[in-house]
Amino acid sequence: MTAPGRTATRTRRAACLAALLAVLSGCTGPATPASAPPARPPGVAQVPTTDTAGGVCPVRRSLPPDPTPPRRILDKGELVAGVDPSDATMSHWDAGSQRFEGFNIELMLAVTRALWPADDPRDRLTFKAVPPGQGAFTMLENGEIDVVATSLTASCERARRVLFSNDYLDSGQTVLVRRRTDGSPEFAGIEQLGGRRVCAAANTTSLAMIAGYRTAAGARPVPVQAVHPIDCLVMLRQGQVDGVSTDDNILLGFTRMAPDTTLVTEAPRPDLRSCAYHRDENCTWFTDEPHAFAFHLTEGRELVAFVNHVLARPPTAKVWQDAHERWLAGHRDRGMPSPEPPTTDWPPPDPASTSPRPAD
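In this text the structure is predicted, and so the values were computed from the model without any measurement. (Residues numbered from 1 in each chain as written. Predicted model: local features only at pLDDT ≥ 70, side-chain atom pairs only at ≥ 80, totals over all residues. Heavy atoms only, no water.)

Examining the overall build of the chain
Right, on to step 1. Summing up its helical and strand segments, the chain has ten helices and 15 strands in all.
Right, on to step 2. Counting over 360 residues, the chain shows a buried share of 54%.
Right, on to step 3. As presented, the chain carries roughly 15000 Å² of accessible surface, and 53% of it is formed by carbon and sulfur atoms. (Helix = DSSP H or I, 4+ residues; strand = E, 2+ residues; numbered from the N terminus. Buried < 20%, exposed > 50% of the residue type's maximum accessible area, 1.4 Å probe, protein only. Areas by Shrake-Rupley, 256 points an atom, 1.4 Å probe, with all protein chains shown as cover.)

Things to note about the pattern of salt bridges
Right, on to step 1. Within this structure, the stated rule accounts for 16 salt bridges.
Right, on to step 2. A salt bridge links Glu186 to Arg178; the shortest N-O distance between them is 2.8 Å.
Right, on to step 3. For Glu186, a relative accessible area of 15% gives the class buried.
Right, on to step 4. We classify Arg178 as buried; its relative accessible area is 2%.
Right, on to step 5. Among the salt bridges present, the one from Asp242 reaches Arg178, with a minimum N-O distance of 3.1 Å. With Asp242 in the loop between helix H7 (229-237) and strand E12 (243-247) and Arg178 in strand E9 (residues 173-178), this pair connects stretches of sequence that are 64 residues apart. (Salt bridge = Lys/Arg side-chain N within 4 Å of Asp/Glu carboxyl O.)

Section: the layout of surface pockets
Right, on to step 1. As a volume, the second largest pocket reaches approximately 280 Å³.
Right, on to step 2. Lining the second largest pocket are 16 residues; nearest its centre among them are Asp248, Leu263, Val264, Gly330 and Arg332.
Right, on to step 3. Classifying every residue of the lining of the second largest pocket gives four nonpolar, nine polar and three charged. (1 Å grid on protein atoms, 1.4 Å probe; cavity = no way out; pocket = protein on both sides within 12 Å on 5 of 7 lines; lining within 4 Å. Points joined across faces, edges and corners; volume = space filled by probe spheres on them. Nonpolar A, V, L, I, M, F, W, Y, C, P; charged D, E, K, R; others polar.)

Things to note about helix H3 (residues 103-115)
Right, on to step 1. Compared with the 18 Å implied by 1.5 Å per residue over 13 residues, the 19 Å span of H3 between its first and last C-alpha is a close match.
Right, on to step 2. Buried residues dominate H3, accounting for eleven of its 13 residues.
Right, on to step 3. All of the buried residues along H3 are Phe103, Asn104, Ile105, Glu106, Leu107, Met108, Leu109, Ala110, Val111, Thr112 and Leu115. (Expected span 1.5 Å × (residues − 1).)

Examining the environment of Val148
Right, on to step 1. Within the secondary structure, Val148 is located in strand E6 (residues 147-148).
Right, on to step 2. Leave out the neighbours within four places in its chain, and Val148 touches Gly82, Ala136, Phe137, Leu140, Phe293 and Ala294. (Contact = heavy atoms within 4.5 Å.)

Observations regarding the side chain of His228
Right, on to step 1. The residue His228 is located in the loop between strand E11 (222-226) and H7 in this model.
Right, on to step 2. Not counting the four nearest positions on each side in its chain, His228 is found in contact with Asp84, Ser86, Pro132 and Ala201.

A closer look at unusual backbone geometry
Right, on to step 1. Backbone torsion omega between Trp346 and Pro347 reads 0°, so that peptide bond is classified as cis.
Right, on to step 2. As for its position among the elements, Pro347 is in the segment after helix H10 (314-327).
Right, on to step 3. For Gln98, which is not a glycine, the phi torsion comes out positive at approximately 60°.
Right, on to step 4. Following the sequence through the fold, Gln98 ends up in the loop between strand E3 (92-94) and strand E4 (99-101).
Right, on to step 5. Of note in this structure, Asn203 is not a glycine but carries a positive phi near 65°.
Right, on to step 6. For Asn203, the location among the structural elements is in the loop between strand E10 (197-201) and helix H6 (205-212).
Right, on to step 7. In this structure Asn203 comes out as exposed when scored by relative accessible area, which is 55%.

Things to note about the side chain of Glu106
Right, on to step 1. The residue Glu106 is located in helix H3 in this model.
Right, on to step 2. No salt bridge forms around the buried Glu106; measuring N to O, its nearest opposite-charge neighbour Arg326 is 4.2 Å away.
Right, on to step 3. Not counting residues up to four positions away in its chain, the partners in contact with Glu106 are Glu101, Val319, Ala323, Arg326 and Trp327. (Lys, Arg positive; Asp, Glu negative; His and termini not counted.)

Some thoughts on the pairing of E12
Right, on to step 1. Most of E12 sits inside the fold, with five of its five residues counted as buried.
Right, on to step 2. In terms of strand pairing, E9 meets E12 through four bridges, oriented antiparallel. Bridge pairing in E12 places Thr174 opposite Thr246.
Right, on to step 3. Bridge count for E10 against E12 is two bridges, and the pairing is parallel. Pairing of Val198 across the sheet is with Gly243, part of E12. (Pairing = 2+ DSSP bridges.)

Examining the packing of H3 against helix H9 (residues 301-312)
Right, on to step 1. One way to put it is that H3 packs onto H9 with a least axis distance of 10 Å and a crossing angle of 105°. Taken together, the axis directions place H3 and H9 in an arrangement best described as roughly perpendicular. Between H3 and H9, the residues in contact are Ala110, Val111, Ala114 and Leu115 and Phe306, Val307 and Val310, respectively.
Right, on to step 2. In terms of residue class, the contact of H3 with H9 is made up of seven nonpolar, no polar and no charged. (Axes fitted to C-alpha atoms, helices over the stretch in contact; angles between N-to-C directions. Parallel < 35°, antiparallel > 145°, perpendicular 65-115°, else oblique.)

Considering H9
The periodicity of an α-helix, 3.6 residues per turn, causes residues three or four positions apart to be oriented the same way.
Right, on to step 1. Compared with the 16 Å implied by 1.5 Å per residue over twelve residues, the 17 Å span of H9 between its first and last C-alpha is a close match.
Right, on to step 2. Those residues of H9 not exposed but buried are Leu303, Val304, Ala305, Phe306, Val307, Asn308, Val310 and Leu311.
Right, on to step 3. If you follow the buried residues of H9, they end up packed against helix H2 (71-76), strand E2 (79-83), H3, strand E7 (162-164), strand E15 (294-296) and H10.

Keep in mind that these numbers describe shape and distance, not what the molecule does.
Here is the structure:
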């Protein structure tokens, strides 16, 4: 169902995104880092360094799957998903097709197809742009959206505020840096970024992890927060920060937007590597990032159970694989995650008490 004003809203978003991408594509060669970063632009703040990583705790358990479509959503006649219109891999606005595209979009279409099998799923699926991290939760709590379908990490802290689906994508946090003229990264890994400014979006687990990271030599990155990860990309290309840190799947999209950037290639210090869900040894992840869809804490139980049912269906596995090959080529996860044992308790019990998933 197309919401009133939806076309105009999409047009405005597309224009804003096109302007931003024009800024990103304006440089024809690698940016030359200044000896000292220039003053921060308005809205960008440096984060006080802390000794912890914010208490992030992965959640890989969710409510039991249920094939019963939620009556509340059927009666409304549409599913409203909160997405990030500038995430090139997961949920971007495509100016050519004039619609949202990406990995998460394909999964949301699979859910909508299961809700209304006789209809075109795009006629029943409405997208709304949401801020990164926990900023989308307010829209969820206000009833503006039914599901957060951004590149969202499930954590125990966040599970006190929202319901999470089963993990649908394993990822990890790494760093994007400028590319040298010979193609190598300006900084080989996060271990070389001690004392350097590293940017992440406000109110995200990515920012908390940067704030808590300490290199093997005892140095700390200097965390800098911006409103949105793509703001960090602009700052990187302008020489205002030395790195952008968030989930690998997001940063892959940034490398496609800005060819003068590249992912780091060297691993973090051994005790901070997080590569259990990475499929080879060339791993630069230093956090575990189980991705899940988020739902209203009290009113979303039927919907999350139905989404878990859809994620577990064999046809969805095919959708997942095709979408991964199209949008996440180069992302070295181990494949579509298998759900952990379901729980009826929320927040779920401490994941540390469950058995780890065996390696593929």
